[in-house]
Amino acid sequence: MELYVVGCHGGETPKHRASSFLLDGTLAIDAGAVTRGLDIEAQGKLEACLVSHAHLDHVRDLATLADNRCQLGSPPLVVAGTRPTLEALRRHFFNGVLWPDFTRIPSGGGNTIEFVELELEKPTLIAGRSVLAVPVSHTIDCAGFVIEKDGAAIAYSGDTGPTDRLWEVLAATPSLKAMLVEVSFPDRHAALATVSGHYTPATLAADLKKLPNVESIPTLLYHIKPIFQREVEIELAKLTGVSVDVPKLEDLFSF
Ligand SMILES: [Zn+2]
Ligand SMILES: [Zn+2]
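What this report covers is the structure whose coordinates are included nearby. (Residues numbered from 1 in each chain as written. Chains lettered and ligands numbered in written order. Predicted model: local features only at pLDDT ≥ 70, side-chain atom pairs only at ≥ 80, totals over all residues. Heavy atoms only, no water.)

1. Things to note about the pairing of strand β10 (residues 129-135)
Taking burial as the measure, the 7 residues of β10 include 5 buried ones, the bulk of the element. As paired elements, strand β9 (residues 124-126) and β10 share 3 bridges and run antiparallel to each other. Among the inter-strand pairings, I126 is bridged to a residue of β10, identified as R129. Between β9 and β10, which pair antiparallel and follow one another directly, the connecting turn spans 2 residues, one of which, A127, has a positive phi of 50°. (Buried < 20%, exposed > 50% of the residue type's maximum accessible area, 1.4 Å probe, protein only. Helix = DSSP H or I, 4+ residues; strand = E, 2+ residues; numbered from the N terminus. Pairing = 2+ DSSP bridges.)

Here it is as structure tokens:
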């Protein structure tokens, strides 16, 4: 699997982009920067976008993506998420007021967007991969994902603070090759991280140790708030017994 970093930050500046990753050119994971970071041709090649939760920094580029694909005449884009996430997108985003309802606007032989509901912990085939949604601990319903193809799996945490089920599921996933895990605030803002449902380096380190073989699994940390980028990176560099790295925009990884 080839993983391209479209956006990997918990905010936006000209040098930071909100969360969005691309697997093998066809499956996007969250849409925080999917039009800002991909050219028109790459946008047209997408088959599906997984959405972890409804917060704007993870869904907002679905608006411009749908618009572009509709004009391209692209095949329907599968937008997959759990029921509460899709309900929020229907009600508050593609509602005909904030943005047109692209689930009813034709493109490429169907409609521009096709919502596919992911039932928690039930593998679902999306864009040729098995996708397992696992509940995590954020301020609204949020799911992490385990995405598997040809015996290799990668995990995506979504936005979360300390949580249990995701780590239990990952401990029982022998095909796990890499993890994308959020961390947002430095340790001195632990209270803010708790109230907003995010990790700090200390709370992340404690949770990573729930995974017995964590040292052997490459762990890419994303969603750092731009204001705290340097401070969080310094704290992460002090962690031991883990294999963590902070990706940069447009990095490409093969697993
Ligand atoms: Zn969030
Ligand atoms: Zn977020």
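2. A closer look at the coordination of the zinc ion (ligand 2)
Protein coordination of the zinc ion (ligand 2) is provided by D57 (OD), H58 (NE2), D159 (OD) and H223 (NE2), with donor distances spanning 2.1 to 2.2 Å. Viewed at the metal, the 4 donor atoms of the zinc ion (ligand 2) are separated by angles of 91 to 165°, and the geometry they form is irregular. Along the chain, the residues donating to the zinc ion (ligand 2) are arranged with the sequence spacing D-H-x100-D-x63-H. For H223, a relative accessible area of 0% corresponds to the buried category. (Donors = N, O, S within 2.8 Å, 3.2 Å for Na, K, Ca; no water. Tetrahedral: all angles 85-135°; square planar, octahedral: opposite > 155°, others 65-115°.)

3. Overview of the coordination of the zinc ion (ligand 1)
All of the protein donors around the zinc ion (ligand 1) are H53 (NE2), H55 (ND1), H138 (NE2) and D159 (OD); their distances to the metal are 2.1 to 2.4 Å. For the pair the zinc ion (ligand 1) and the zinc ion (ligand 2), the metal-to-metal distance amounts to 3.6 Å, and D159 bridges them. Of this pair, H53 sits in the loop between β4 (48-50) and α2 (56-59) while D159 sits in the loop between β12 (152-156) and α5 (165-171), and the two are 106 residues apart along the sequence.

So far we have only geometry, and geometry alone does not tell us how the molecule works.
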